[in-house]
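Structural description and commentary
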Amino acid sequence: TIYLSQIDAGSATVSVDFGPEVCIHNAPTVTLAPPQGPWVNGGTPVSYEVTVTNNNSDSCGVTGLDLSAAAPSGWSVGFDSNTLQIAPGTTSNVNMIVTSPQTATEGFYDIIISATEIEAPLNTGSATATYVIEPAAPEPTCTPQTPQLIISPASQSANPGATLFYTVTLTNK
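Residues numbered from 1 in each chain as written. Predicted model: local features only at pLDDT ≥ 70, side-chain atom pairs only at ≥ 80, totals over all residues. Heavy atoms only, no water.

Digging into the side chain of Thr-63
With respect to the helices, strands and loops of the structure, Thr-63 is situated in strand S6 (residues 63-70). Exposure remark for Thr-63: the relative accessible area of 6% places this residue in the buried category. Once residues within four sequence positions are removed from consideration, Thr-63 is found in contact with Asn-54, Asn-56, Leu-84, Gln-85, Ile-86 and Glu-117. (Helix = DSSP H or I, 4+ residues; strand = E, 2+ residues; numbered from the N terminus. Buried < 20%, exposed > 50% of the residue type's maximum accessible area, 1.4 Å probe, protein only. Contact = heavy atoms within 4.5 Å.)

Some points on the packing of aromatic side chains
Inspection of every chain in the model, using the stated rule, returns three aromatic pairs. Measuring from centroid to centroid gives 5.4 Å for Trp-39 and Phe-108, while their planes differ by 85 degrees, and the two rings are edge-to-face. In this pair, Trp-39 sits in strand S4 (residues 36-40) while Phe-108 sits in strand S10 (residues 107-117), placing the two residues 69 residues apart along the sequence. A relative accessible area of 47% places Trp-39 in the partly exposed class. An angle of 50 degrees between the planes, with centres 4.9 Å apart, marks the rings of Trp-75 and Tyr-109 as tilted. With Trp-75 in the loop between S6 and strand S7 (76-79) and Tyr-109 in strand S10, this residue pair connects regions lying 34 residues apart in the sequence. An aromatic cluster is present here, built from Trp-75, Tyr-109 and Tyr-131 joined pairwise through their rings. (Phe/Tyr/Trp six-rings, centres within 6.5 Å; stacked < 30°, edge-to-face > 60°.)

Structural notes on the sheet that holds S7
In spatial order, the strands read S3-S5-S9-S7; together these four strands make up an open sheet with antiparallel pairing. Of all the strands in the sheet, just strand S3 (29-33) and S7 have a single pairing partner and so form its edges. Sheet twist, expressed as the mean angle between neighbouring strand axes with direction ignored, is 25 degrees. Pairing of S7 with strand S9 (residues 91-99) involves four bridges; the strand directions are antiparallel. (Pairing = 2+ DSSP bridges. Axes fitted to C-alpha atoms, helices over the stretch in contact; angles between N-to-C directions.)

Structure (structure tokens):
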């Protein structure tokens, strides 16, 4: 709305009223530290720090965001908190723990983390965490060997009826 008023013959005042600010919703930004976890054995919990930034305009106020994760079937993903309340232009961090089944095979597995605005569910940001299962250690193999038998001393001589002592050592090879 534009208002024009004349104060006297030589001057005029113009005022412009843009009305209330409009809330503009934008998808949140999601980042992870580290984006790829350490190489671990299956069944090992791995921790990631999830950082979510609210990209809405200032007029939107504090925004509620739900966190979720898409992981392979049978995996466990847990957050310190599944819901965040974040002011526009600010960030919030939560810890996320991912655990694979002990039987998971070696490889790189992607876990997609999403932050979805509660009041505007089409505004979703996401990031991908990589969980790495290292190759299993090879099973030790058994190679049969002939045991070693040592008698010490190798020979002794004595009179009949005398007691002789020997040391016998048997070693598994």
